[in-house]
Amino acid sequence: MTIKVYIALLSLAVCAFAIGTTEFVIIGLLQTVANDLSISVTKAGTLISGYAIALAVGTPIVTALTGRIPKKGYLIILMLVFTLGNIISAVAGSYEVLMLSRVITAVSHGVFFAVASILATEIVPEGKKGTAISIMFTGLTVATIVGVPLGTFIGQNLGWRSTFGAVAILGVIGLIVNIFAVEKFKTQGNPPTLKDVGLLIKNYRILLALLMTALGFGATFVLFTYLAPILEEISGYSSENISFLLLIYGVAVAIGNIIGGKMANNHPVKALRLVFVLEGIVLLLQMWFLPSKSLSIVGLLLLGLVAFMMSPGAQAYILTLAEKLVPSAKDIASALNVSAFNVGIAVGSSLGGVAVVYFTYLDTAWIGAIMAAGASLLAVINNKLDQRMN
């Protein structure tokens with residue numbers, strides 16, 4: 001890949017950093033937001049699941065309706081909307097207004113990743129698609145290393161509204177970087193339509209791939225949604241240590257994302273079979289690691305390593321599958337997979353909430369492991385179906 005291509009991919013990663021920060025920083029601020037708005041922690045948790053649902057529903061629809069907009073200009077518009085959503089979050093005085101701002105931000109988030117994934121794969125050679133997507137997703141993983149811990153620190157010391165104000169500034173930076181670093185791309189001859197959405201969701205192969213994505217990505221979020229209170233109440237850390245612990249987690253996420261990208265370059269779904277098995281095992285181990293203050297560090301590292309390892313492979317696989325089965329709807333397939341990621345987050349965080357209310361924090365681990373096992377089974381099935389198709 002040329003220097004120009006790397007610069008373009010890194011500019012997309014800058015935007016992904018801002019977007020990832022705004023989605024996940026709320027996890028470290030759940031208790032702070034709940035206290036300030038006088039709501040329960042589980043209700044504050046719906047700010048995560050609500051974000052994910054809005055993204056899942058809005059992304060394919062908006063992508064289909066706006067397919068004729070040139071991609072570079074579209075990315076700029078999306079970052080403007082993203083920034084506006086975070087400004088509203090920063091001034092929100094109630095749960096309802098904060099949820100509305102999260103919905104606005106979520107839709108711009110989903111469509112951005114759908115469009116950016118297509119761009120990333122179109123500007124690299126055929127055998128580098130997984131790597132290209134992982135570079136773009138690096139922004140998301142760096143958000144977990146730097147953005148989330150820093151945002152959590154800002155929120156705990158200056159108020160959670162300050163965190164969203166800072167993310168709005170990141171959105172402006174991402175917008176400016178894209179203006180200068182991303183070249184103009186021609187609008188495809190046959191832009192996606194709502195009909196393409198129907199073609200994709202009627203195809204059982206596409207549905208199996210989307211379900212695999214949702215289960216695999218959601219598995220970690222059963223536990224991760226409530227990671228901050230778990231580290232405080234189960235592992236015994238003080239709230240002042242949460243930012244540092246999230247930093248450790250984020251470093252592991254970045255490493256796992258890079259590994260996952262390299263694994264996905266040739267046969268994404270083959271690699272995913274192993275990734276999901278590892279995810280399930282790591283989740284189960286948390287039941288022993290997290291109650292120990294010292295072993296919880298090991299648990300965090302392992303959890304971070306597998307959390308985003310599947311992301312490049314899942315996105316590369318759905319694009320490859322769409323090219324073979326419904327080539328006119330590649331943009332929508334990308335959008336639907338981004339939706340599937342967030343359906344997984346919504347389901348995972350909701351199941352986590354059920355576990356917290358009716359069981360214990362540690363029960364989130366085995367519930368997540370069951371989801372990972374389902375994803376692994378679907379990866380095996382998808383791989384066998386691919387072999388028959390070839």
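Residues numbered from 1 in each chain as written. Predicted model: local features only at pLDDT ≥ 70, side-chain atom pairs only at ≥ 80, totals over all residues. Heavy atoms only, no water.

Q: Even after reading the chapter, I still don't get the packing of aromatic side chains, so can you show me in this structure?
A: The geometry of two aromatic rings is summed up by the distance between their centres and the angle between their planes. Applying the stated criterion to the full structure yields 7 aromatic pairs. Centroid distance phenylalanine 112 to phenylalanine 113: 5.9 Å. Interplanar angle 85 degrees. Geometry classified as edge-to-face. Exposure remark for phenylalanine 112: the relative accessible area of 0% places this residue in the buried category. The class for phenylalanine 113 is buried, based on a relative accessible area of 3%. (Phe/Tyr/Trp six-rings, centres within 6.5 Å; stacked < 30°, edge-to-face > 60°. Buried < 20%, exposed > 50% of the residue type's maximum accessible area, 1.4 Å probe, protein only.)

Q: Where do I start with the side chain of glutamine 315 in this structure?
A: Mapping glutamine 315 onto the fold places it in helix α14 (residues 311-325). Judged by relative accessible area, which is 0%, glutamine 315 ranks as buried. A polar side-chain atom of glutamine 315 sits 2.8 Å from a polar atom in the side chain of asparagine 337. If we skip the residues at most four places from it in the chain, glutamine 315 touches Ser117, Ile133, Ser334, Asn337, Val338 and Phe341. (Helix = DSSP H or I, 4+ residues; strand = E, 2+ residues; numbered from the N terminus. Polar contact = N/O pair within 3.5 Å; in protein donor to acceptor, adjacent residues only side chain to side chain. Contact = heavy atoms within 4.5 Å.)

Q: When you look at α14 in this model, what are you seeing that I'm missing?
A: The end-to-end C-alpha distance of α14 is 21 Å, a good match for the 21 Å that 15 residues give at a rise of 1.5 Å each. Summarising burial for α14: 11 of the 15 residues are buried, a large majority. Within the span of α14, buried status applies to Ser311, Pro312, Gly313, Ala314, Gln315, Ala316, Tyr317, Ile318, Leu319, Leu321 and Ala322. (Expected span 1.5 Å × (residues − 1).)

Q: Mind showing me how you'd approach the packing of helix α9 (residues 204-224) against helix α16 (residues 363-389) here?
A: Relative orientation and spacing of two packed helices are given, respectively, by the angle between their axes and the distance between those axes. One can describe the packing of α9 onto α16 by two numbers: an axis separation of 8 Å at closest approach and a directional angle of 155 degrees. Taken together, the axis directions place α9 and α16 in an arrangement best described as roughly antiparallel. The element α9 and its partner α16 pack so that their crossing is left-handed. Of the residues in the contact of α9 with α16, the class split is 20 nonpolar, 6 polar and 2 charged. (Axes fitted to C-alpha atoms, helices over the stretch in contact; angles between N-to-C directions. Parallel < 35°, antiparallel > 145°, perpendicular 65-115°, else oblique. Left-handed = near helix turned anticlockwise from the far one by under 90°. Nonpolar A, V, L, I, M, F, W, Y, C, P; charged D, E, K, R; others polar.)

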